[in-house]
Amino acid sequence: MAKQNKPAKQTDLENAWAHYFRGRFDEALEIFCEILDKGKDELALYGKACALFRSADFEGALADLSALIKTNSRNSAALHTRALIYGANEEYEKALKDLKKVTDLEPENGEAWCDMGGLYLVIESFGDAGICFEKSADIDKSCSCAWFGKGMVALFKKEFKKATEYLNIALKLDKKHAVAHMARAEAAFCNGQIKEAVKDIKKALSLDKDFSGKFKELLKDHDQDSDPGPDASDLDEKDIVQSDDDLESF
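A brief structural summary. (Residues numbered from 1 in each chain as written. Predicted model: local features only at pLDDT ≥ 70, side-chain atom pairs only at ≥ 80, totals over all residues. Heavy atoms only, no water.)

## Some words on the pattern of salt bridges
Side-chain pairs of opposite charge can arise whenever the charged atoms involved come near each other.
Right, on to step 1. Here the structure, examined in full by the defined rule, presents 7 salt bridges.
Right, on to step 2. Between lysine 48 and aspartate 64 there is a salt bridge; the shortest N-O distance is 3.5 Å. Here lysine 48, found in helix α3 (residues 42-54), pairs with aspartate 64, found in helix α4 (residues 58-71); they are 16 residues apart in sequence, far enough to count as distant.
Right, on to step 3. Using a relative accessible area of 21% as the deciding quantity, one classes lysine 48 as partly exposed.
Right, on to step 4. Notably, a salt bridge pairs glutamate 159 with lysine 162, separated by 3.8 Å at the nearest N-O pair. (Salt bridge = Lys/Arg side-chain N within 4 Å of Asp/Glu carboxyl O. Helix = DSSP H or I, 4+ residues; strand = E, 2+ residues; numbered from the N terminus. Buried < 20%, exposed > 50% of the residue type's maximum accessible area, 1.4 Å probe, protein only.)

## Thoughts on the nonpolar core
Right, on to step 1. Formed by 59 residues in total, the largest nonpolar core has its most connected members in Phe32, Met116, Phe148 and Leu155.
Right, on to step 2. It is α3 that contributes the most residues to this core, 8 residues altogether.
Right, on to step 3. Ignoring sequence-local partners within four residues, the contact set of phenylalanine 148 consists of Leu167, Ala170, His177, Val179, Ala180 and Ala183.
Right, on to step 4. In this structure, Ala188, Phe189, Ala197 and Ile201 belong to the second largest nonpolar core, which totals 6 residues. (Core = buried A, V, L, I, M, F, W, Y, C linked by side-chain atoms within 4.5 Å. Contact = heavy atoms within 4.5 Å.)

## Some remarks on a negative patch on the surface
Right, on to step 1. There is a patch of like negative charges on the surface, built from Asp26, Glu27, Glu30, Glu34 and Asp37.
Right, on to step 2. Note that glutamate 30 resides in helix α2 (residues 25-37). (Patch = residues over 30% accessible without salt bridge, like charges linked within 9 Å, V, L, I, M, F, W, Y side chains within 5 Å. Areas by Shrake-Rupley, 256 points an atom, 1.4 Å probe, with all protein chains shown as cover. Lys, Arg positive; Asp, Glu negative; His and termini not counted. Charge placed at Lys NZ, Arg CZ, Asp CG, Glu CD.)

## Some words on the packing of aromatic side chains
Right, on to step 1. In the structure shown here, the tally under the stated rule is 9 aromatic pairs.
Right, on to step 2. Between tryptophan 17 and tyrosine 46, the aromatic rings sit 6.2 Å apart at their centres with planes inclined by 40°, giving tilted as the arrangement. With tryptophan 17 in helix α1 (residues 12-21) and tyrosine 46 in helix α3, this residue pair connects regions lying 29 residues apart in the sequence. Side by side, tryptophan 17 and tyrosine 46 carry an identical accessibility label, which is buried.
Right, on to step 3. Chaining the aromatic ring pairs together yields one cluster made of Trp17, Tyr20, Phe21, Phe25, Phe32 and Tyr46.
Right, on to step 4. Over the face of the ring belonging to tryptophan 113 we find lysine 135, whose NZ or CZ atom lies 5.1 Å from the ring centre. (Phe/Tyr/Trp six-rings, centres within 6.5 Å; stacked < 30°, edge-to-face > 60°. Lys NZ or Arg CZ within 6 Å of the ring centre and 35° of its normal.)

## Things to note about α3
Right, on to step 1. When the terminal C-alpha atoms of α3 are compared, their 18 Å separation across 13 residues agrees well with the 18 Å that a helix rising 1.5 Å per residue should span.
Right, on to step 2. Close packing links the buried residues of α3 with α1, α2, α4 and α5 (76-88).
Right, on to step 3. Structurally, the start of α3 carries an N-cap: the backbone nitrogen of leucine 43 is 3.1 Å from a side-chain oxygen of aspartate 41.
Right, on to step 4. With its phi angle positive at about 70°, alanine 56 sits one or two positions after the end of α3. (Expected span 1.5 Å × (residues − 1). Polar contact = N/O pair within 3.5 Å; in protein donor to acceptor, adjacent residues only side chain to side chain.)

## As for unusual backbone geometry
Right, on to step 1. Non-glycine residue glutamate 124 carries a positive phi angle of around 60°.
Right, on to step 2. Structurally, glutamate 124 can be placed in the loop between α7 (110-122) and α8 (126-139).

## Here's the deal with the packing of α2 against α3
Right, on to step 1. Contact pair α2 / α3: the axes reach a minimum separation of 9 Å and the direction vectors enclose 150°. Taken as axis vectors, α2 and α3 run roughly antiparallel relative to one another. In terms of crossing hand, the pair formed by α2 and α3 is left-handed. Note on element contacts: α3 touches α2 through Ala44, Leu45, Gly47, Lys48, Ala51, Leu52 and Arg54, opposite Phe25, Leu29, Phe32, Cys33, Ile35 and Leu36.
Right, on to step 2. Class assignment of the residues belonging to the contact of α2 with α3 gives a composition of 10 nonpolar, 1 polar and 2 charged. (Axes fitted to C-alpha atoms, helices over the stretch in contact; angles between N-to-C directions. Parallel < 35°, antiparallel > 145°, perpendicular 65-115°, else oblique. Left-handed = near helix turned anticlockwise from the far one by under 90°. Nonpolar A, V, L, I, M, F, W, Y, C, P; charged D, E, K, R; others polar.)

Pasting the structure below:
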């Protein structure tokens, strides 16, 4: 019988990231800190910053990321993560500055383009958002987030037919994208397509039990000049859920 090689032992760093990707951020943080106690390790410091971010310690995470960027101004991973933290802190100009640096360093980073598009959406710079999502989709046409972003830009610009087309693609790529169902429902309401809208609401409810409140929030600023039919915010959850028709998957 041939001698079998033993599997390589997992390093502490690999073990820490394994915990991180399973959502065990406290355990990951502990291991990253143990590695750093033994000496300087930029990968462990980055891991520590990510774990702190996921644990909502934004201040600690920013301190570690800024230290990494000070050492290497071209550290795109640290810049990207710092941008996400700035965005979560509503420091949008700082977030955009970091993401622009990331896309300069890595022009084919579709995720960075998508995140930058999301920031532009938040600050209602829809033209810039559209450019970012278009670039992301060009880089990876299978990225549902890019098509969702394009759909949201069209929705905010009240281009409801175009929004539906883009959201159809996003949902074809990711059938469990609850927020895309929410957005497509609003586009349908705005076009007076109540039956189609209710189908999307039902689907979103099946994917996200907190959807009812989110949907009302999404529609609170709905344009009163359009004629979407019944006010969607008045729909009770029981009215949405009860139907003789089965949910149709896209």
